[in-house]
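# Residue-level structure breakdown
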Amino acid sequence: MSESVVSFHSKKRVWPSEGFTRTPYWVYTDADVYAQEQTQIFRGDNWHYVGLEAEVPAAGNYKTTSIGEQSVILTRDEDGSLHVVVNRCAHRGNMICRDAFGTVKKLYCVYHAWSYNLQGDLAHAAFSKGLRGEGGLPGDFDLKNHGLQKLRVATFCGLVFATFSNTTPPLLDWLGDVAQGIQRVLKKPLRVLGYDTQKIHANWKAYHENPRDSYHANILHTFYGTFGLSRQSQESSMVLDKTGKHVYFYTKSGTEKPSADFDKTTTDLRSHNDNMKLEDPSILKWRDEFGDGVSVQILTTYPSFVLHQIANSLATRQLIPRGPHACDLVWTYFGFADDDAETTRMRLTQANLAGSAGMISVEDAAVCEMMQKAAADGQTGQSFIEMGGKTLESGGTSKLSERAIRNFWYNYQRDMNWDAT
Ligand code: FES
Ligand SMILES: [Fe+2]
């Protein structure tokens, strides 16, 4: 293999000759790389999660969110259809919706009162005919040429995705083998329980790698190992889509198989501490609601979406890049529309397992921020990603593997039009 040289207008960067088993630290810090990602990845041939159908249940409901840096609006039209448009007026670029959620009859720009229907078509431009024969828009002005920029929209099991690209494959084809993991959890109409938004002072890719990284799960997270929700000795597996873009892992608690290897290793792991006890163990009470014994399933779609089932805590996570050194992570907790009060209470109690201050997930953002600090200016150094082997296939379905991370960097380099070696 040879080094791949990545050129920008101002500089040349070199990807290590080992290819996707190494990540140079400039990829987490470089502003030109970040700018190119907006075009190649966030406006490229990928579907991006924008919300749940349950967040905009009625005609006129809207939600503002982002795809990459770009603010977009998800709307529900009078006929029940869903639309996603760029949150930027076609006149002179003012942001149209500022609230996170709302209900409107039309999308109205406060600057000069241009208004749009819920599909994003321009319906009215103030004073377009001028006044008393003066001013106004030219005779060839046509409302239909000045709508909001529209994205393609598709839904699956109550999740709403959008893409800027006309060449992104249909959503179900794009999701490939992880569609079954989504269907397993989202099997009934949903009800939103709440939100939690977390600012992470790290590059978005550091967080995206984290839920693809099954190696760390039972090591970094003390709570998982100590209280038995997820341990390496339990039955577990990985499902990686054939493109390598999307992945999910699952573990079945209570399926420990004795092994001398495991006993020897856990004596070195901080995460397995039999001396720790909870004063109130109610957070550990969970119900096998899907009937397959899976206690934890973490599913990630490229490049910015996570769906988790941790016991009975269900949530989506949306990753929004905020410059090379920061990102927002938006957690949306939900249950099913037909949950009884006791089930909802159980989900809300277990919501404390994850989220910005979650018993399990608090360490993830901390590690991403420590990695970003250690990367410093990114001029030197590279990571080493050979757990499970050196190829896109090696590691198989084992959780003691970085196969899903190697596959991420392979796809990333292809999307960026860099040589993927
Ligand atoms: S910028 Fe929106 S109406 Fe002028
Ligand atoms: Fe984690």
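Just so we're clear, the structure is a prediction, and the values are computed from it rather than from any experiment.

What follows covers the coordination of the iron ion (ligand 2). Distances from the iron ion (ligand 2) to its protein donors, His216 (NE2), His221 (NE2), Asp364 (OD) and Asp364 (OD), fall within 2.1 to 2.6 Å. For the iron ion (ligand 2), the 4 donor atoms are set out with angles of 54 to 145 degrees between them, so the coordination reads as irregular. Mapped onto the polypeptide sequence, the residues donating to the iron ion (ligand 2) form the spacing pattern H-x4-H-x142-D. Neither residue differs from the other here; histidine 216 and histidine 221 are each classed as buried.

Before going further, it helps to examine the packing of aromatic side chains. Following the criterion strictly, the structure yields 20 aromatic pairs and no others. A ring pair is formed by phenylalanine 408 and tryptophan 409, whose centres lie 4.7 Å apart and whose planes are at 65 degrees; its orientation type is edge-to-face. On the basis of relative accessibility, which here comes to 0%, the residue phenylalanine 408 falls in the buried class. Centroid distance phenylalanine 408 to tyrosine 412: 5.8 Å. Interplanar angle 45 degrees. Geometry classified as tilted.

Interface size is commonly expressed as the accessible area that is lost once the parts come together. When cut into domains, the chain gives domain 1 (48-155) and domain 2 (188-415). Contacts between domain 1 and domain 2 engage 11 residues on the former and 14 residues on the latter. For the pair domain 1 and domain 2, the summed buried area comes to about 1,000 Å², and 59% of that belongs to carbon and sulfur atoms. By the criterion of area lost to domain 2, the three top residues of domain 1 are Tyr49, Leu52 and Glu69, representing 48% of everything that side buries. Where domain 1 touches domain 2, the interface holds 0 salt bridges.

This part covers the sheet that holds strand β9 (residues 107-108). The strands that make up a sheet pair up through hydrogen bonds in the backbone, lying either parallel or antiparallel. Here we have 3 strands laid out as an open sheet, ordered β9-β10-β11, and antiparallel in their pairing. Of all the strands in the sheet, the pair left with one neighbour each is β9 and β11 (122-124). Inspection of the sheet shows β9 paired to strand β10 (residues 115-116) by 2 bridges, in the antiparallel sense. In the sheet register, tyrosine 108 faces β10, and the bridge partner there is serine 115.

Conventions used here
Residues numbered from 1 in each chain as written. Chains lettered and ligands numbered in written order. Predicted model: local features only at pLDDT ≥ 70, side-chain atom pairs only at ≥ 80, totals over all residues. Heavy atoms only, no water. Donors = N, O, S within 2.8 Å, 3.2 Å for Na, K, Ca; no water. Tetrahedral: all angles 85-135°; square planar, octahedral: opposite > 155°, others 65-115°. Buried < 20%, exposed > 50% of the residue type's maximum accessible area, 1.4 Å probe, protein only. Phe/Tyr/Trp six-rings, centres within 6.5 Å; stacked < 30°, edge-to-face > 60°. Domains from an automatic or database assignment. Contact = heavy atoms within 4.5 Å. Buried area = accessible area lost by both parts, 1.4 Å probe. Salt bridge = Lys/Arg side-chain N within 4 Å of Asp/Glu carboxyl O. Pairing = 2+ DSSP bridges. Helix = DSSP H or I, 4+ residues; strand = E, 2+ residues; numbered from the N terminus.

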